[in-house]
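# Remarks on the overall topology
Single-letter residue listing:
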Amino acid sequence: MAGSSEEVGDKGLPPILEQRCILQSEALSQYILETSVYPREPEVLKELRQLTATDLRNVMATGPDEMQFLSMLLKLMNAKKTLEIGVYTGYSLLATALSLPHDGKIIAIDINRNNFELGLPFFKKAGVAHKVDFREGPALPILNDLMEEEKYKGWFDFVFVDADKNNYMNYHKRVVEMVRVGGIIGYDNTLWNGSVVAQAMGERPFPYYIMECRDAILEFNAYLAADPRVEICHLSIADGLTLCRRLN
Ligand code: SAM
Ligand code: CA
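Residues numbered from 1 in each chain as written. Chains lettered and ligands numbered in written order. Predicted model: local features only at pLDDT ≥ 70, side-chain atom pairs only at ≥ 80, totals over all residues. Heavy atoms only, no water.

As recorded in an unreviewed UniProt entry, the protein chain goes by Caffeoyl-CoA O-methyltransferase and comes from Ensete ventricosum. The annotation that UniProt attaches to the protein chain under Sequence similarities (unreviewed entry) is "Belongs to the class I-like SAM-binding methyltransferase superfamily. Cation-dependent O-methyltransferase family." (UniProt positions renumbered as here; feature names shortened; annotations may be inferred.)

This is how it looks when you write it as structure tokens:
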């Protein structure tokens, strides 16, 4: 992952902006994708991924290797009710919808509905749009409203958090009470482009948006490591994914 801000990769971006994966070897990452992920990716997800690739902010989309893993986890858990914070064009949301049973339900929150509208035709094509209850707006007040309803205490089997990193701690305080005991919360990007181990900014040129949230991610990771309400597993897949299993 060495590189200077002058270097550019295949897409004309500095390598740090092209790489969604924390693996040190781009070749190894490609090997996993080409051998095990792309051949198994549902056609409709592939189509959404290809559409998303045409958007300028496509680096935000969850990678197909990570969603292959989470799809299996959702099925192993027999998940039926999930919550997603941070939808963008809906790659992780569609993979989730495809993994839930026909009567599964997902509450999906994003501050911006326009990107979700781009992905919506793929949900309809896959016959899973009825599972998604999309709520537009900043996630915190929406979560506060959900928490007012007794029904949502310990209701969700799975929660995927992939929105503004500075608010992860605030999201955790809420969703840890909304996931059922034994349910899983997944926090995405918890290795934050590797910046969590950067000793100094000069060591590797991180863009401003990375440095802006680095301290919040460091604080959040330390908090989770000591939170007795959850068992955790910090995975080095994609840009880092921390799974929390609610204990009580
Ligand atoms: N999970 C998505 C996927 O697989 O494509 C990617 C989500 S993207 C990394 C982050 C999303 O969070 C953006 O769509 C952004 O609009 C949304 N977002 C940022 N701040 C938010 C907030 N305060 N409340 C709700 N959504 C927010
Ligand atoms: Ca992410």
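## What about the packing of helix α5 (residues 91-99) against helix α6 (residues 113-126)?
Between α5 and α6, the least distance of the axes is 10 Å, while the angle of their chain directions is 20 degrees. Our classification of the angle between α5 and α6 gives roughly parallel. Crossing of α5 against α6: the hand is right-handed. Side by side, α5 and α6 meet where Leu-93, Leu-94, Ala-97 and Leu-98 of the first sit next to Phe-116, Phe-122, Phe-123 and Ala-126 of the second. (Axes fitted to C-alpha atoms, helices over the stretch in contact; angles between N-to-C directions. Helix = DSSP H or I, 4+ residues; strand = E, 2+ residues; numbered from the N terminus. Parallel < 35°, antiparallel > 145°, perpendicular 65-115°, else oblique. Left-handed = near helix turned anticlockwise from the far one by under 90°. Contact = heavy atoms within 4.5 Å.)

## Focus: the nonpolar core
Leu-83, Ile-85, Leu-143, Tyr-171, Ile-185 and Tyr-187 are the most contacted members of the largest nonpolar core, which totals 37 residues. Looking at this core, the elements with two or more residues in it are β1 (81-85), β2 (105-110), α7 (139-148), β4 (156-161), α8 (168-178), β5 (179-188) and α9 (208-225). Look past the residues within four positions of Ile-185 in its chain and what remains in contact with it is Val-159, Val-161, His-172, Val-175, Val-176, Val-179, Thr-242, Leu-243 and Cys-244. (Core = buried A, V, L, I, M, F, W, Y, C linked by side-chain atoms within 4.5 Å. Buried < 20%, exposed > 50% of the residue type's maximum accessible area, 1.4 Å probe, protein only.)

## Considering a nonpolar patch on the surface
A cluster of nonpolar side chains, namely Leu-28, Tyr-31 and Ile-32, defines an oily patch on the protein surface of about 300 Å² accessible area. Along the chain, the position of Ile-32 falls in helix α2 (residues 26-37). Look at Ile-32 and you get partly exposed, because its relative accessible area is 36%. (Patch = residues over 30% accessible without salt bridge, like charges linked within 9 Å, V, L, I, M, F, W, Y side chains within 5 Å. Areas by Shrake-Rupley, 256 points an atom, 1.4 Å probe, with all protein chains shown as cover. Salt bridge = Lys/Arg side-chain N within 4 Å of Asp/Glu carboxyl O.)

## Observations concerning the sheet that holds β2
In a beta sheet, neighbouring strands pair by backbone hydrogen bonds and run either parallel or antiparallel. Taken in spatial order, the 7 strands of this open sheet run β3-β2-β1-β4-β5-β7-β6, and their pairing is mixed. The outermost strands of the open sheet, each flanked by one partner alone, are β3 (132-136) and β6 (230-235). Between one strand and the next, the sheet's axes are offset by a mean angle of 15 degrees, whatever the strand orientation. Bridge count for β2 against β3 is 5 bridges, and the pairing is parallel. Paired with Ala-108 across the two strands is Phe-134, which belongs to β3. (Pairing = 2+ DSSP bridges.)

## Points about the pairing of β1
β1 sits mainly inside the fold: 4 of its 5 residues count as buried. Across 5 bridges, β1 lies against β2 in parallel orientation. Within β2, the position partnered with Thr-82 by the bridge is Ile-106. As paired elements, β1 and β4 share 4 bridges and run parallel to each other.

## Comments concerning α2
Taken as a whole, α2 has its buried residues at Ser-29, Leu-33 and Val-37. Seen end-on, α2 carries its buried residues on one side only, within an arc spanning 40 degrees. Looking at α2, the residues exposed on the side facing more than 90 degrees away from the buried face are Ala-27, Tyr-31 and Glu-34. At its buried positions, α2 is contacted by α4 (64-76). Between a side-chain oxygen at the N-terminus of α2 and the backbone nitrogen of Ala-27 the separation is 3.3 Å; the capping residue is Ser-25. (Arc of directions from axis to C-beta. Polar contact = N/O pair within 3.5 Å; in protein donor to acceptor, adjacent residues only side chain to side chain.)

## Points about the coordination of the calcium ion (ligand 2)
Donor atoms from the polypeptide that coordinate the calcium ion (ligand 2) comprise Asp-162 (OD), Asp-162 (OD), Asp-188 (OD) and Asn-189 (OD1), at 2.3 to 2.9 Å from the metal. Spacing between the donor residues of the calcium ion (ligand 2) along their common chain follows D-x25-D-N. Separated by 27 residues along the polypeptide, Asp-162 in the loop between β4 and α8 and Asn-189 in the loop between β5 and α9 bring together distant segments of the chain. One exposure class covers both Asp-162 and Asn-189, and it is buried. (Donors = N, O, S within 2.8 Å, 3.2 Å for Na, K, Ca; no water.)

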